[in-house]
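Observations on chain architecture
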Amino acid sequence: MTPSITSQSLRLSSSFSIAALQPHTFSKIPLPKSHLRVSRQAPLFKPISAVQSNVLLPDASKTATFQPSNAPHLTAVNTEAMEVDRATEVELKENGSRSKRRTKIVCTIGPRTCGFDELEALAVGGMNVARINMCHGTHEWNRKVIEHVRRLNEERGFAIAIMMDTQGSEIHMGDLGGATSSKAEDGEIWTFTVRSFGSNCPERTISVNYDGFAEDIKVGDELLVDGGMVRFVVTEKIGPDVICCCTDPGLLLPRANLTFWRNGSLVQEHNAMLPTISSKDWLDIDYGIAEGVDFIAVSFVKSAEVIKHLKSYIASRSPASNIAVIAKIESIDSLKNLNEIILASDGAMVARGDLGAQVPLEQVPSIQEKIVQLCRQLNKPVIVASQLLESMIEYPIPTRAEVADVSEVVRQQADALMLSGESAMGQFPDKALAVLRSVSLRIEKWCREGKQHATFEPPPISSSVSAGIPGEICNGAAKIVTSVFELSANKLKASALFVYTKTGQMASLLSRSRPDCPIFAFAPTSSVRRRLNLQWGLVPFCLNFSDDMESNLNQTFSLLKARGLIKSGDLIIVVSDMLQSIQVINVP
Ligand SMILES: Nc1ncnc2c1ncn2[C@@H]1O[C@H](COP(=O)(O)OP(=O)(O)OP(=O)(O)O)[C@@H](O)[C@H]1O
Ligand SMILES: CC(=O)C(=O)O
Ligand SMILES: [K+]
Ligand SMILES: [Mg+2]
């Protein structure tokens, strides 16, 4: 006789072989296997009413804008509340938890979106990470943005992380004497110079920030502004001045990036010696540490050493901080050292803007795919950035080609998409965000239905990353998710994976397996919660949990049921840092 089972605990011994966890193994419970200890227990949970007195509903002020339709009237007493924001709540409820968006969204904040109301609109629209670019804005300006985001998190339960992006020592033009732009016409003669002018810049003269400029460049070289938006050829050198003729006319924007090309190759002379982290960057990094940003994205990384150096600097400056370092892959030199760079970092960004100015454009898509796959192998989150919806800076709808580009990133299962000018200074930041959201949802659904992604099997974890037993447990849990369980004659698929994780590592490993259902990640601090918000498929919550999994689960179920985010009968797969086991639980 099969007893009626509300919970099953599948405990894996440390010698457990993950090959035993093929989905069919779990087609029916119970399924005793010699290598798999299945303990059939009395229901793990007290009836829900028995734990109600232990539950505190989130502060009403945090839920002011949300009306739970079926929240029972629980009496508040004890434990820390679990913060849930409106955007997550809506996304989880809209089509059921399995349809929750998995791909995360980073929005660059600029003049168009720096106010509290605009930031709130982005938060409600699904922004997971706010990026501030230290190429622009004063510390004071950026501090306001950080304060607004923090207020949204505190008052509305969001988990928006702050990413600070360094300027790096790229070669760029001056600020055009304060003009918003300047037009270069075909055949016009312009002077590029290391001299600086303040506000009285002579006509058709551009100052360049890099002292070695006139030595590095030769007559006949091509000078590309913003990767080729405007193009010049060098005709003459006179001391510090480089005289150029415009061959591709266009609009010059303040501080635009400059690259020089000789015989079809990028010129790398003294400029290759520029430090990745300039003295200005170090000051900005000190500022970021003091402000408690969640991520520092390092521009123009060339080698792993600079990442290691920055990480030890952060550790010595602020031992308690949890700042993650993201390597921006946008320099031609980084491509030779990709493996070591990504391994040394806490994540990577495919910065296609500058990358496309350093390698031929037709190479960018394959480099993108390679980096996305490598990051998955090395268990590091990856962001794909730049020009995803460039036309939406000016227009309310994207081009079909842009939609196809975003779709490809989603299909590659990158962790996050990034908006740059679209959200920083475009006309339609909220619409651009909505396009990323709806394309992600649609393509993710299509991939799940048709299994359009290359393979379900995650790429083998690199031997340079030791994921050990937690890694095997997470892979196993991700596979179980695709099984159909028969419980009391009902066929059930898992609604969610739950992971209780102190550092976030176990949640990352689960995310890496790209399972078929969302991952509710419970972390004890809001900084771990924010950091996890960058990663694919994770729905991070802040929860003050204990080592007693039974009480953790009781508490979590009560809180989530009260918010209508799970319901009795849902099947949940549970893993944690504390137990080397996978539990399959039918929500009481
Ligand atoms: N804080 C800001 N203040 C003013 N303008 C901004 C700000 N942040 C971004 N912008 C505008 O938005 C555009 C795109 O922003 P973004 O920061 O993504 O630039 P990027 O050139 O793609 O990045 P990077 O400089 O790291 O290569 C910028 O060129 C700039 O015009
Ligand atoms: C984002 C960025 O830095 C780039 O695309 O160049
Ligand atoms: K930057
Ligand atoms: Mg860049």
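First, a word on what this report is: a plain description of the structure on this page. (Residues numbered from 1 in each chain as written. Chains lettered and ligands numbered in written order. Predicted model: local features only at pLDDT ≥ 70, side-chain atom pairs only at ≥ 80, totals over all residues. Heavy atoms only, no water.)

1. Let's talk about the sheet that holds strand β13 (residues 258-262)
Pairing within the open sheet is mixed, and its 7 strands lie in the order β8-β7-β11-β10-β9-β13-β14. The two strands at the open ends of the sheet, each matched to only one other strand, are β8 (205-207) and β14 (265-266). The sheet contact formed by β13 and β14 spans 2 bridges and is antiparallel. In the strand pairing of β14, arginine 262 is matched with serine 265. (Pairing = 2+ DSSP bridges. Helix = DSSP H or I, 4+ residues; strand = E, 2+ residues; numbered from the N terminus.)

2. Concerning the coordination of the magnesium ion (ligand 4)
The magnesium ion (ligand 4) binds to the protein through Glu330 (OE) and Asp354 (OD); the donor distances cover 2.0 to 2.1 Å. Between the magnesium ion (ligand 4) and the potassium ion (ligand 3), a separation of 5.2 Å is found. Note that glutamate 330 is positioned in the loop between β16 (324-329) and α8 (338-344) and aspartate 354 in helix α9 (residues 352-358), a separation of 24 residues in sequence. (Donors = N, O, S within 2.8 Å, 3.2 Å for Na, K, Ca; no water.)

3. Examining the environment of leucine 417
Within the fold, leucine 417 resides in strand β19 (residues 416-419). Note on leucine 417: relative accessible area 0%, which makes it buried. Considered as a pair, leucine 417 and methionine 349 are 68 residues apart in the sequence and their alpha carbons are 9.7 Å apart. Excluding anything up to four places from it in sequence, leucine 417 contacts Thr103, Lys104, Ile105, Val106, Val384, Leu388, Val406, Val409, Val410, Leu436 and Ser440. (Buried < 20%, exposed > 50% of the residue type's maximum accessible area, 1.4 Å probe, protein only. Contact = heavy atoms within 4.5 Å.)

4. Looking at the coordination of the potassium ion (ligand 3)
Those protein atoms acting as donors to the potassium ion (ligand 3) are Asn133 (OD1), Asp165 (OD) and Thr166 (O), and they sit at 2.7 to 3.0 Å. Sequence spacing of the donor residues for the potassium ion (ligand 3), all on one chain, is N-x31-D-T.

5. Concerning helix α15 (residues 505-512)
Within α15, 7 of the 8 residues are buried, which leaves it mostly tucked inside the rest of the structure. Those residues of α15 that fall on the buried side of the exposure criterion are Met506, Ala507, Ser508, Leu509, Leu510, Ser511 and Arg512. After α15 finishes, the residue arginine 514 shows a positive phi value of roughly 45°.

6. Examining the packing of aromatic side chains
Overall, the coordinates contain 11 aromatic pairs when judged by the stated rule. For the pair phenylalanine 498 and phenylalanine 520, a centre-to-centre distance of 5.4 Å together with 15° between the ring planes defines the contact as stacked. Of this pair, phenylalanine 498 sits in strand β22 (residues 494-500) while phenylalanine 520 is found in strand β23 (residues 519-523), placing the two residues 22 residues apart along the sequence. Like phenylalanine 498, the residue phenylalanine 520 is buried in the burial classification. Their ring planes at 20° and their centres at 5.3 Å tell us that phenylalanine 522 and phenylalanine 541 sit as a pair that is stacked. (Phe/Tyr/Trp six-rings, centres within 6.5 Å; stacked < 30°, edge-to-face > 60°.)

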